[in-house]
Amino acid sequence: MFEKVLIANRGEIALRVARTCRELGVRTVAVHSVADAESAVVRFADEAVQIGPSAAKRSYLNAAAILAAAELTGADAIHPGYGFLSESPDFADACRAAGITLIGPPADVMAQLGDKQSARTLMAKAGLPLLPGSLDPLELDEAHALADSIGYPVIVKAAAGGGGRGMQVVHESAAFPRAYQETRATARMLFGDSRVYLEKYLAAARHVEIQVLCDGYGNGVHLGERDCSVQRRHQKLIEESPAPLLPDGLAERMGASAVHGVLEAGYTGAGTVEFLVDRDGNYYFMEVNCRIQVEHPVTEMVTGIDLIAEQIRVAAGQTLGIAQDDIVLRGAAIECRINAEDPAAQFAPAPGILAEFIPPGGPFVRVDTHAYAGYSIPPHYDSLLAKLVVWAPDRDRALARMRRALAEFRISGARVATTRDFLYEVLDHPAMRAATHTTGLVDELLGRG
């Protein structure tokens, strides 16, 4: 086991990792920007190092500063959380060269699976079903011809994209050239890589993902599925496990496919394989996330397994301590992301100072947060304030518990707006209550459907 883990992240995930490390008897180092000097993880960790100014590019994305902090404090491992450098093969290589373990898959595996086009090729070879589309980069004329042959709508995606960015849905042939060029320009600006690919777009689909764990000895398991269909701009707002109303046996088939695919790629650690499921119960591979997911708590709530602890154990060279038969999903869990955003203004960020922040409590309610009354929400980073997670013996009771918990959550502050009330509205939507919702639910609520 490691002696000291440096947490190369911020916010709720940094605090989440620090808590598990303390339970494992592992010392922690929190790194932080100037803006996060008063953050909760800085107070909780055993040590803290300031690594740069507020801008993420000069702090949490500054690999040299993070590695220098690890060397200064004697950390023998780095946990990257999610976002920032968590899926950077270059950072993984730099850690290896410095003799520090990055808690995640090897750099070459990360590079192959992090690139959406190469990931599609790998998973196709492993036998996972794909939506019609391209496996190789295409120039405009080739891409346009392929889109016409597939039939609209199609979605153009950045090969190096992630987090819901770098993609555009095209509904008719005449709009394709402009969408293609715009997506390439966006991909170049955001990711430094203008390659794009396209695939058939399912307008009324469900987004279902599989949590996997693999060790370095060829062992892998899945921990059930999560439904992540409630999204705005391809970014998730509500997640739940298990996914409701899937056809019999589908979740197990998806889980087996996911484990087979990532093991074929040489994956180690915790990861997520994402699928789309159509109305007929067919599933299609989308992408692999080579890190812990924001929504991992819902899986922890229904399995009783600490995914961060398993990540750390596998990275330390241990074999998986669980077999597939050991994993049983019990009850239902739902997670709502409370973001400092204004749904009435197209979810624009709404930072400010929290005058009031009182999380809900009660049986089977979990709140992962770094916020507190008096906390100044910085404008430099992701707007996530808290993840509210509930568990109950069944989905109906979990929905009731979540509505109660959301109503109990007290958040206020000058110029601060949050998604709390909007999430309550989503939970009350008839399609959500009946589990017939798709990825188009948020647009429908906002009058864009």
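Parameters at a glance
Residues numbered from 1 in each chain as written. Predicted model: local features only at pLDDT ≥ 70, side-chain atom pairs only at ≥ 80, totals over all residues. Heavy atoms only, no water. Helix = DSSP H or I, 4+ residues; strand = E, 2+ residues; numbered from the N terminus. Buried < 20%, exposed > 50% of the residue type's maximum accessible area, 1.4 Å probe, protein only. Polar contact = N/O pair within 3.5 Å; in protein donor to acceptor, adjacent residues only side chain to side chain. Axes fitted to C-alpha atoms, helices over the stretch in contact; angles between N-to-C directions. Parallel < 35°, antiparallel > 145°, perpendicular 65-115°, else oblique. Left-handed = near helix turned anticlockwise from the far one by under 90°. Contact = heavy atoms within 4.5 Å. Arc of directions from axis to C-beta. Pairing = 2+ DSSP bridges. Phe/Tyr/Trp six-rings, centres within 6.5 Å; stacked < 30°, edge-to-face > 60°. Lys NZ or Arg CZ within 6 Å of the ring centre and 35° of its normal.

## A look at the side chain of Ser39
Alright, step 1. Inspection of the secondary structure puts Ser39 in the loop between β2 (27-33) and α2 (40-44).
Alright, step 2. With relative accessibility at 7%, the residue Ser39 sits in the buried group.
Alright, step 3. Here the side chain of Ser39 touches Asp36 through a polar contact of 2.9 Å, landing on its backbone oxygen.

## Looking at the packing of helix α12 (residues 395-408) against helix α13 (residues 420-427)
Helix-helix packing: each pair is described by the crossing angle between the helix axes and the interaxial distance.
Alright, step 1. Packing of α12 against α13 brings their axes to within 10 Å, and their N-to-C directions diverge by 155°. Regarding the angle of α12 to α13, the classification is roughly antiparallel. The handedness of the crossing between α12 and α13 is left-handed. Where α12 approaches α13, its residues Leu399, Met402, Arg403, Leu406 and Ala407 are matched on the opposing element by Arg420, Leu423, Tyr424 and Leu427.

## Notes on helix α4 (residues 89-97)
Alright, step 1. Restricting attention to buried positions, one finds in α4 the residues Phe91, Ala92 and Cys95. Buried residues of α4, viewed axially, fall in a sector of 100°; they line one side. Across α4 from its buried face, at more than 90 degrees, point the exposed residues Asp90, Arg96 and Ala97.
Alright, step 2. Residues of α4 that are buried sit in contact with α3 (63-73), β4 (77-79), β5 (101-102) and α5 (107-114).

## Considering the pairing of strand β19 (residues 384-392)
Alright, step 1. For β19, the buried fraction is high: 9 of the 9 residues fall into the buried class.
Alright, step 2. In this structure, strand β14 (residues 332-339) lies alongside β19, joined through 8 bridges in antiparallel fashion. Paired with Ala332 across the strands is Ala392, a residue of β19.
Alright, step 3. Two strands pair when backbone bridges link them, and strand β18 (residues 365-369) and β19 are joined in this way by 5 bridges, in the antiparallel orientation. Directly across from Val365, in β19, lies its bridge partner Val390.

## Section: unusual backbone geometry
Alright, step 1. A cis amide bond links Tyr152 with the next residue in sequence, Pro153, at an omega value of 5°.
Alright, step 2. By secondary structure assignment, the location of Pro153 is in the loop between α7 (140-150) and β6 (154-162).
Alright, step 3. In this model, Ser241 is joined to Pro242 through a cis peptide bond whose omega is -5°.
Alright, step 4. Counting through the fold element by element, Pro242 comes out in the loop between β11 (235-241) and α9 (250-264).
Alright, step 5. Phi at Leu245 takes a positive value of approximately 60°, unusual for a residue other than glycine.
Alright, step 6. Inspection of the secondary structure assignment puts Leu245 in the loop between β11 and α9.
Alright, step 7. Residue Leu245 is classed as exposed on the basis of its relative accessible area, which comes to 61%.
Alright, step 8. One non-glycine residue, Phe347, lies in positive phi territory at about 60°.

## Some details on the packing of α3 against α4
Alright, step 1. Relative orientation of the contacting elements α3 and α4 amounts to 30°, with a least axis distance of 11 Å. The orientation of α3 with respect to α4, classified from their angle, is roughly parallel. At the point where α3 passes α4, the crossing takes the right-handed sense. Contact residues: α3 offers Ala63, Ile66 and Leu67, while α4 offers Phe91, Ala94 and Cys95.

## Let's talk about the environment of Gly192
Alright, step 1. The topology assignment puts Gly192 in the loop between α8 (176-191) and β8 (196-200).
Alright, step 2. Since its relative accessible area comes to 65%, Gly192 is described here as exposed.
Alright, step 3. Each C-alpha atom of the pair Gly192 and Ala160 lies 8.5 Å from the other, and the pair is 32 residues apart in sequence.

## As for the sheet that holds β19
Alright, step 1. Across the sheet, 8 strands lie side by side as β13-β12-β9-β10-β11-β14-β19-β18; this open sheet has antiparallel pairing. Lying at the two open borders of the sheet, with one neighbouring strand each, are β13 (283-289) and β18. Pairwise comparison of adjacent strand axes, ignoring direction, gives a mean angle of 25° for this sheet.

## Re the packing of aromatic side chains
Alright, step 1. In total, this model carries 9 aromatic pairs according to the counting rule given.
Alright, step 2. Aromatic side chains Tyr60 and Tyr381 sit 5.6 Å apart centroid to centroid with 80° between the ring planes, which places their arrangement in the edge-to-face category. In this pair, Tyr60 is assigned in the loop between β3 (47-52) and α3 and Tyr381 in the loop between β18 and β19, connecting sequence segments 321 residues apart.
Alright, step 3. Owing to a relative accessible area of 1%, Tyr60 belongs among the buried residues under this scheme.
Alright, step 4. Summarising the aromatic geometry, the rings of Phe357 and Phe409 are spaced 5.4 Å apart at their centres and angled 70° between planes, so their arrangement reads as edge-to-face. Taken together, the residues span a long stretch of sequence, with Phe357 in strand β17 (residues 356-358) and Phe409 in the loop between α12 and β20 (410-412) at a distance of 52 residues. Taken as a pair, Phe357 and Phe409 share a single burial class, namely buried.
Alright, step 5. Aromatic rings pair up to connect Tyr60, Phe84 and Tyr381 into one cluster.
Alright, step 6. Here the basic side chain of Arg22 rests over the ring of Phe44, its NZ or CZ set 4.1 Å away from the ring centre.

## Some points on the pairing of strand β9 (residues 206-214)
Alright, step 1. Across the 9 residues that make up β9, a large majority, 9, are buried.
Alright, step 2. The two faces of β9 match: Arg206, Val208, Ile210, Val212 and Cys214 on one face and His207, Glu209, Gln211 and Leu213 on the other face are all buried.
Alright, step 3. Pairing of β9 with strand β12 (residues 269-277), which is carried by 9 bridges, proceeds in the antiparallel orientation. Note on β12: the bridge partner recorded for Gln211 is Thr272.
Alright, step 4. Turn length for the β9-strand β10 (residues 220-232) hairpin, with the two strands adjacent in sequence and antiparallel, is 5 residues, and the turn residue Gly218 shows positive phi of about 85°.

## Here's the deal with the sheet that holds β5
Within a sheet, each strand pairs with its neighbour through backbone hydrogen bonds, oriented either parallel or antiparallel.
Alright, step 1. The strand order β3-β2-β1-β4-β5 describes an open sheet built from 5 strands, whose pairing is parallel. Of all strands in the sheet, those with a lone pairing partner are β3 and β5, marking the two edges.
Alright, step 2. In this sheet, β2 lies alongside strand β1 (residues 4-7) in parallel orientation, the contact comprising 4 bridges. Bridging from a neighbouring strand, Lys4 pairs with Arg27 of β2.
Alright, step 3. Sheet strands touched by α3: β1, β2, β3 and β4. Its angle to β3, the strand with the most contacts, is close to 150°.

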